[in-house]
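Letter by letter, the chains look like this.
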Amino acid sequence: VLAVTAAKGIRLPDADIRTTIKLHCWRKFSRPSMLQHIEAGKRTEIDALNGALVREGQKLGIATPYNQAVVALLKGREQASTRDHQDRAPDYEALEAGAQGTEPPPV
């Protein structure tokens, strides 16, 4: 990330961004939006975030192997999660057949 931002001439306002990020992660729990999307069977913003960094790195001739790996892994997980959620569609015929002849629960 830092190599790409430097090559693009982007000056970050925080001279020690690595330390700032590490401290933030230790001090505050957060449930990342991508995790929330995966758990809901939705597509994530991986292409717009890490994918954009990978594309910029490729244009500049800068290797971004960690981000490439994150994109590949998350896209695979995204596909599996989407498929899992699609597979969980209710089988209404089976539910109806199972309900036939049963007593309703007491009120």
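Everything in this summary refers to the structure shown in the same document. Sequence order as written defines residue numbering, which begins from 1 separately in each chain. Two thresholds apply to this predicted model, a pLDDT of at least 70 for residue-level local features and 80 or more for giving and counting side-chain atom pairs, whereas whole-chain, interface and lining totals are computed over all residues. To obtain the side-chain values, all non-hydrogen atoms of the structure were included, while hydrogens and water were left out.

Only DSSP runs of H or I with at least four residues qualify as helices, and only runs of E with at least two residues qualify as strands; both kinds are numbered from the N terminus onward. Broken down by element type, the chain carries six helices and zero strands. Put simply, the chain runs from its N terminus to its C terminus through helices and strands in the order α-α-α-α-α-α. When burial is assessed residue by residue, the chain has 18% of its 107 residues classed as buried. Note on definitions: a residue-residue contact is assigned when non-hydrogen atoms from the two residues lie within 4.5 Å. For the chain, the proportion of contacts with a sequence separation of at least 24, taken over those separated by at least 6, is 55%. Element-wise, carbon and sulfur atoms account for 59% of the exposed surface of the chain, whose accessible area totals about 8,700 Å². Partly exposed residues are those whose accessible area sits between 20% and 50% of the maximum for their type, while under 20% is buried and over 50% is exposed, using a 1.4 Å probe and protein chains only. Reported accessibility uses the Shrake-Rupley method at a 1.4 Å probe radius. Residues are deemed covered only where the shown protein chains occlude them.

What follows deals with the pattern of salt bridges. Throughout this description, the term salt bridge denotes a Lys or Arg side-chain nitrogen within 4 Å of a carboxyl oxygen of Asp or Glu. Summed over all chains, the structure comprises five salt bridges. The partner of D47 in a salt bridge is K75, and the shortest N-O contact between them spans 3.0 Å. Placement of D47 in the loop between α3 (33-39) and α4 (50-60) and of K75 in helix α5 (residues 65-87) is noted, with a sequence separation of 28 residues between them. Classification of K75 by relative accessible area gives partly exposed; the value is 28%. Connected through salt bridges with shared partners, the residues K8, E56 and K59 form a single ionic network.

A word on a nonpolar patch on the surface. On the surface, V1, L2, I10 and L12 cluster together to form a nonpolar patch covering roughly 310 Å² of accessible area. Examined against the element boundaries, L2 turns out to sit in helix α1 (residues 2-7). On the basis of relative accessible area, L2 is assigned to the partly exposed category, the value being 32%. A residue counts toward a patch only above 30% relative accessible area and without a salt bridge, and it is joined to like-charged neighbours within 9 Å or, for Val, Leu, Ile, Met, Phe, Trp and Tyr, to nonpolar neighbours within 5 Å.

Among the secondary structure elements, N50 is positioned in helix α4. As used in this structure description, the phrase polar contact means that two N or O atoms lie within 3.5 Å; if the pair is within protein, one of them must be able to donate a hydrogen and the other to accept it, and residues adjacent in sequence are counted only when both atoms belong to side chains. Side-chain polar atoms of N50 contact the side chain of N67, separated by 2.6 Å. In this view, N50 contacts M34, N67, V70 and V71; residues no more than four positions away in its chain are not counted.

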